[in-house]
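Descriptive analysis of the structure
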Amino acid sequence: MTPHMFRRTVATAVNTNASIELAAELLGHMDTKITAQHYIQRSELVNPATAARLDRAFAKDED
């Protein structure tokens, strides 16, 4: 774990549970755009139908 990874994890948790403003303040950023762009980990959600098709396409045969 690097210091940057730790800062990203904490900033994301604060953003999720409070606000981007609080996360930016915690990191010492004057502009929330910097926090959002470089520190908040985006949720990569996949459509469940797409996920199911990918699971079937790449499933290992279990014999």
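See above for the structure.
Quick summary incoming for the structure in this document. Every value quoted in this text rests on a predicted model; they were computed, and no experiment measured them.

Before going further, it helps to spend a moment on the nonpolar core. Side chains of a nonpolar character, in soluble globular proteins, are inclined to be buried together. Residues Ala-11, Val-14, Ile-20, Ala-23, Leu-27, Tyr-39 and Ile-40 constitute the largest nonpolar core, which totals seven residues. Going through the elements one at a time, α1 (3-17) and α2 (20-27) are the ones with two or more residues in this core. Contacts of Ala-11, omitting those with residues within four sequence positions, involve Ala-23, Leu-27, Tyr-39 and Ile-40.

Here we come to the environment of Thr-9. Its location among the elements puts Thr-9 in helix α1. A relative accessible area of 41% places Thr-9 in the partly exposed class. Within the structure, Thr-9 has its side chain in polar contact with the backbone oxygen of Met-5 (distance 2.9 Å).

On the surface, Met-1, Met-5 and Phe-6 cluster together to form a nonpolar patch covering roughly 380 Å² of accessible area. Looking at the element boundaries, Met-5 is found in helix α1. Classification of Met-5 as partly exposed rests on a relative accessible area of 42%.

Criteria and thresholds
Residues numbered from 1 in each chain as written. Predicted model: local features only at pLDDT ≥ 70, side-chain atom pairs only at ≥ 80, totals over all residues. Heavy atoms only, no water. Core = buried A, V, L, I, M, F, W, Y, C linked by side-chain atoms within 4.5 Å. Buried < 20%, exposed > 50% of the residue type's maximum accessible area, 1.4 Å probe, protein only. Helix = DSSP H or I, 4+ residues; strand = E, 2+ residues; numbered from the N terminus. Contact = heavy atoms within 4.5 Å. Polar contact = N/O pair within 3.5 Å; in protein donor to acceptor, adjacent residues only side chain to side chain. Patch = residues over 30% accessible without salt bridge, like charges linked within 9 Å, V, L, I, M, F, W, Y side chains within 5 Å. Areas by Shrake-Rupley, 256 points an atom, 1.4 Å probe, with all protein chains shown as cover. Salt bridge = Lys/Arg side-chain N within 4 Å of Asp/Glu carboxyl O.

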